[in-house]
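Notes for the structure review
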Amino acid sequence: DVKVTQSSRYLVKRTGEKVFLECVQDMDHENMFWYRQDPGLGLRLIYFSYDVKMKEKGDIPEGYSVSREKKERFSLILESASTNQTSMYLCASSGRTGGARNIQYFGAGTRLSVL
Amino acid sequence: AQSVSQHNHHVILSEAASLELGCNYSYGGTVNLFWYVQYPGQHLQLLLKYFSGDPLVKGIKGFEAEFIKSKFSFNLRKPSVQWSDTAEYFCAARNSGGYQKVTFGIGTKLQVIP
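Note that the coordinates shown come from a computational prediction; the quantities given were computed from them, not determined experimentally.

Rules used throughout
Residues numbered from 1 in each chain as written. Chains lettered and ligands numbered in written order. Predicted model: local features only at pLDDT ≥ 70, side-chain atom pairs only at ≥ 80, totals over all residues. Heavy atoms only, no water. Helix = DSSP H or I, 4+ residues; strand = E, 2+ residues; numbered from the N terminus. Rg over C-alpha atoms; globule rule 2.2 N^0.38 Å. Contact = heavy atoms within 4.5 Å. Buried area = accessible area lost by both parts, 1.4 Å probe. Salt bridge = Lys/Arg side-chain N within 4 Å of Asp/Glu carboxyl O. Nonpolar A, V, L, I, M, F, W, Y, C, P; charged D, E, K, R; others polar. Core = buried A, V, L, I, M, F, W, Y, C linked by side-chain atoms within 4.5 Å. Buried < 20%, exposed > 50% of the residue type's maximum accessible area, 1.4 Å probe, protein only. Pairing = 2+ DSSP bridges. Axes fitted to C-alpha atoms, helices over the stretch in contact; angles between N-to-C directions. Phe/Tyr/Trp six-rings, centres within 6.5 Å; stacked < 30°, edge-to-face > 60°.

A few words now on the overall build of chain B. Summing up its helical and strand segments, chain B has zero helices and 12 strands in all. Helices and strands in chain B line up, N terminus first, as β-β-β-β-β-β-β-β-β-β-β-β. Computed over its C-alpha atoms, the radius of gyration of chain B comes to 14 Å, within 12% of the 13 Å expected for a compact globule of 114 residues. C-alpha atoms of chain B, sized along the principal axes, occupy 45 × 25 × 20 Å.

Here you go:
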């Protein structure tokens, strides 16, 4: 089974802190994604990466950055956390070949509260 | 801009009722379509997908969806829902080929009453 592991289920941070959310996948997938999930807004793409050291902005990249130094790991960084970044953050990965190509596999999510 | 619209945000059904959740997309070109489901307390997971071929696709747990190109729709159906189908359902789309992002709809919460 594909496993996408997010380092924390719950995080509480203070306004202005730098926050790192880590995601690791074990299926050698090329593509990795970061979303935030908010009630009534669904999933919104923050950033995605289709290869090591590559990144593309999603629909709401402002206030976030990402890092992909290794194929299996994709980190989301909140440079200076703000209260409007309180949300559920979901990481996903997908492969580009085979019968399961372009199917996204999701982690359990990190619920971040910024106070 | 590419978008995915889900018409029903909250649906309440009794067990054994039939289900149809609407999904429309606005994409040019060839499109890949998905339905994902999130059961309470669980990860988002794939329910079914359409890439090409037969426009009627079958997924897990008795769900099916029909791709109607002329209507830009990909509605999800199930003839008889069960209490265990209570979940949030997300329609998603991407342009096929290349390094394409996926766009999700805002989701439909389905509550099935025993």
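All right, on to the interface of chain B and chain A then. Taken residue by residue, the interface counts 18 residues in chain B and 20 residues in chain A. Of the roughly 1700 Å² buried at the junction of chain B and chain A (both faces included), carbon and sulfur atoms supply 61%. Counting across the chain B and chain A interface gives one salt bridge. The salt bridge partner of Lys101 of chain B is Asp59 of chain A, with a shortest N-O separation of 2.4 Å. Those elements that provide at least two residues to the side of chain B that touches chain A are strand 5 (31–38), strand 6 (44–50) and strand 10 (87–95) of chain B. At four residues, the largest contribution of residues to the side of chain B that touches chain A is made by strand 5 of chain B. Tallied by class, residues from the side of chain B that touches chain A come to 10 nonpolar, four polar and four charged.

Counting 29 residues, the largest nonpolar core has Tyr25, Leu33, Trp35, Leu48, Phe74, Leu76 and Tyr89 of chain B as its most contacted members. Excluding anything up to four places from it in sequence, Leu33 of chain B contacts Tyr25, Leu48, Lys49, Tyr50, Phe67, Phe74, Ala92 and Ala93 of chain B. In terms of nonpolar packing, the next biggest core, distinct from the first, is built from 20 residues, Val4, Leu11, Trp34 and Ile46 of chain A among them.

Residue and element names in this part refer to chain B. Phi is positive for Lys61, close to 60°, though the residue is something other than glycine. Following the sequence through the fold, Lys61 ends up in the loop between strand 7 (56–58) and strand 8 (64–68). Non-glycine residue Phe72 carries a positive phi angle of around 50°. With a relative accessible area of 40%, Phe72 lands in the partly exposed category.

What follows concerns the sheet that holds strand 3 (residues 19–25) of chain A. Residue and element names in this part refer to chain A. What the four strands build is an open sheet, ordered 1-3-8-7; its pairing is antiparallel. Among the strands making up the open sheet, the edge pair consists of strand 1 (4–6) and strand 7 (64–70). In this sheet, adjacent strand axes meet at a mean angle of 20° when their direction is disregarded. Summarising the sheet, strand 1 and strand 3 pair through three bridges and their orientation is antiparallel. Bridge pairing in strand 3 links Gln6 to Cys23.

All names here are of chain B. Applying the stated criterion across every chain yields a total of 15 aromatic pairs over all chains. Here the aromatic rings of Phe34 and Phe51 are separated by 5.7 Å at their centres, their planes lie at 80°, and the arrangement is edge-to-face. Of this pair, Phe34 sits in strand 5 while Phe51 sits in the loop between strand 6 and strand 7; the two residues are 17 residues apart in sequence, bridging distant segments of the chain. Phe51 carries the same exposure label as Phe34, and that label is buried. Considering the side-chain rings of Tyr36 and Phe104, the 5.6 Å spacing of their centres and the 45° angle between planes classify their relative orientation as tilted. Within this pair, whereas Tyr36 is found in strand 5, its partner Phe104 is found in strand 11 (residues 103–104), the two being separated by 68 residues in sequence. Neither residue differs from the other here; Tyr36 and Phe104 are each classed as buried.

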